[in-house]
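The residues making up each chain are set out below.
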Amino acid sequence: MKYIIVTGGVMSGLGKGITAASIGRILKNKGFNVTAIKIDPYINIDAGTMSPYQHGEVFVLKDGGEVDLDLGNYERFLDIELTRQHNITTGQVYQTVIEKERRGDYLGKTVQIIPHVTNEIKERIRKVSKKSGAEICIIEVGGTVGDIESMPFLEAVRQMHSEEKEEDIIFVHVTLVPLDTQGEQKTKPTQHSVKELRSLGLQPDAIVARCKEPVLPDTKSKIALFCDVPVSAVVSAHDASDIYYVPTLMEKEGLSDYLMKKLNITEKEISHFWETLIKKMASIDKEIRVAVVGKYAHLGDSYISINEALKHAGIECGCRVKADWLDAEEFERNPSDIDILRKYNGILVPGGFGVRGTEGKILAIRFARENNIPYLGLCLGMQLAVIEFARNVLGLTDANSSELAETQHPVIDILPEQENIRNMGGTMRLGNCEAVLVEGSLASKLYGGNTLIERHRHRYEVNPKYIKQIESKGMKFTGRNDHRMEIAEIPDHKFFFSSQFHPEFKSRPGKPSPPFLAFVKAAIQ
Ligand code: GLN
């Protein structure tokens, strides 16, 4: 197994995740089987309980793992499917160590960060990377070098460095090269963060320098000199107009050759997949606009996978999809503003929890339905579509979800066998589940068959009591998992498709998600 450890210096938000994913991609382009691990030094066990306000999107894996959004980047860049073990957090590590201590596994020893916590970290890294069957494992250490939280992890990888062969583990450090008021590229922050890294016993093999503009040869030489790496190992990672250009940019800097040399491996079989993809992307000259009516409208990071899925579908259609994120609560305050949706080629309502903004979203869905504007509803976006239909077509004016209000008509509810969930306020239906599709439906056309497997993250379901009544008026449940409704569509509409699952999590560059592709196609028309 070859390990590439990616650390970050100077500050957070430099795009370490994209760097890690891009390094993986350029090696995958050379024919290697690559996997990735994200280390998050927070005490949370996983990202499931974290607010999108703080940490961006919660990404959902096939096994139901609720993880950091960087795992979404890895899955998309590397076209792989990861498991929850690929996101290691401080919380998980300590939980295991404490459980072992209670069981007496440490045989009366004093349990300490070194060696017990660091051993647990190393064991996890080695086990996960081995199990993945990959040849190269990228390990991104979250946070910034010098943070108290990341110390045990950096110590663990330092130990790995002395335990593994020299050619089996290398370190890439991501830093910032800011410009001063004269526009000069400054290397001091990089020098300092490498010094910090060294004080922990780690020496970087390569430095990825994030900069607004291409890092100049002089700047590179200076960094090389001060940080003790060859100039060829200083990579300019300047701002790109799209994250998918980053691997190409790194390749141009000669990074894959350098890494392969360091790891003592030679390229296997060159893949042109990524090159073709970005050529296609660069040649796009059309644009459509879709409205995404959501709650965290101002936070791009909260819905990364949706933005990416729209992009994948757009690339396939040779059309840029410009998504305008509209705040649903604005429509609640000023319902007449809903008319601005008229100028959009499509309307999307994403997933969500809690009542805030839901009435605004319902207004948007009604507008899409009544004006024959393509509609894509995801999870809560399907539940609200069912509520809107029940209210305005069936005439059940107080129809609602029991998550959102007390109502005579809970068209969205917790299924009887899950009553315990209501009481415990706990578990969700998470990860891969199958749906059986109705023959001849839009769903079966999109997925090209009679079943699908997609990822889920929800508690509430369409209430089976209302299905007959709803279907008699023209909304059809064309995907089902037993008595759970997975898809609601309106066949008479130009394009009205909504799902209880989250298709955005499985969308990949070059392999767009079927509902997103169909939505974008309908929007283009
Ligand atoms: N809040 C809804 C539920 O729990 C929808 C969840 C979602 O959109 N991810 O069922």
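All of these numbers come straight from a predicted model, not from anything done at the bench. (Residues numbered from 1 in each chain as written. Predicted model: local features only at pLDDT ≥ 70, side-chain atom pairs only at ≥ 80, totals over all residues. Heavy atoms only, no water.)

(A) Quick peek at the site of the ligand. Neighbouring the ligand are G351, G352, F353, C379, L380, Q383, E403, R457, H458, R459, Y460 and H502. Here a nitrogen atom of the ligand and a side-chain polar atom of E403 are 2.7 Å apart. A distance of 2.9 Å separates a nitrogen atom of the ligand from a polar backbone atom of R457. If the ligand stood free it would expose 300 Å²; the protein chains cover 99% of that surface. Elements represented by at least two residues in the shell around the ligand include exactly α15 (380–392) and β17 (451–458). By residue class, the composition of the shell around the ligand is four nonpolar, five polar and three charged. (Near = heavy atom within 4 Å. Polar contact = N/O pair within 3.5 Å; in protein donor to acceptor, adjacent residues only side chain to side chain. Areas by Shrake-Rupley, 256 points an atom, 1.4 Å probe, with all protein chains shown as cover. Helix = DSSP H or I, 4+ residues; strand = E, 2+ residues; numbered from the N terminus. Nonpolar A, V, L, I, M, F, W, Y, C, P; charged D, E, K, R; others polar.)

(B) Quick peek at the UniProt feature "binding site: ATP" (unreviewed entry) in the protein chain. As annotated by UniProt and renumbered to match this structure, "binding site: ATP" (unreviewed entry) occupies G13, L14, G15, K16, G17, I18, D70 and A240. Locating G13 in the fold gives a position in the loop between β1 (2–8) and α1 (16–28). Look at G13 and you get exposed, because its relative accessible area is 75%. Here I18 is to be found in helix α1. Each residue touching I18, except ones within four places of it in the same chain, is listed here: N73, F77, I243 and V246. (UniProt positions renumbered as here; feature names shortened; annotations may be inferred. Buried < 20%, exposed > 50% of the residue type's maximum accessible area, 1.4 Å probe, protein only. Contact = heavy atoms within 4.5 Å.)

(C) How the structure looks around helix α11 (residues 273–282). For α11, the full list of buried residues reads W274, L277, I278 and M281. Seen along its axis, α11 keeps its buried residues to an arc of 90°; they face one direction. On its buried face, α11 is in contact with α1, α3 (70–78), α9 (246–252) and α12 (304–317). (Arc of directions from axis to C-beta.)

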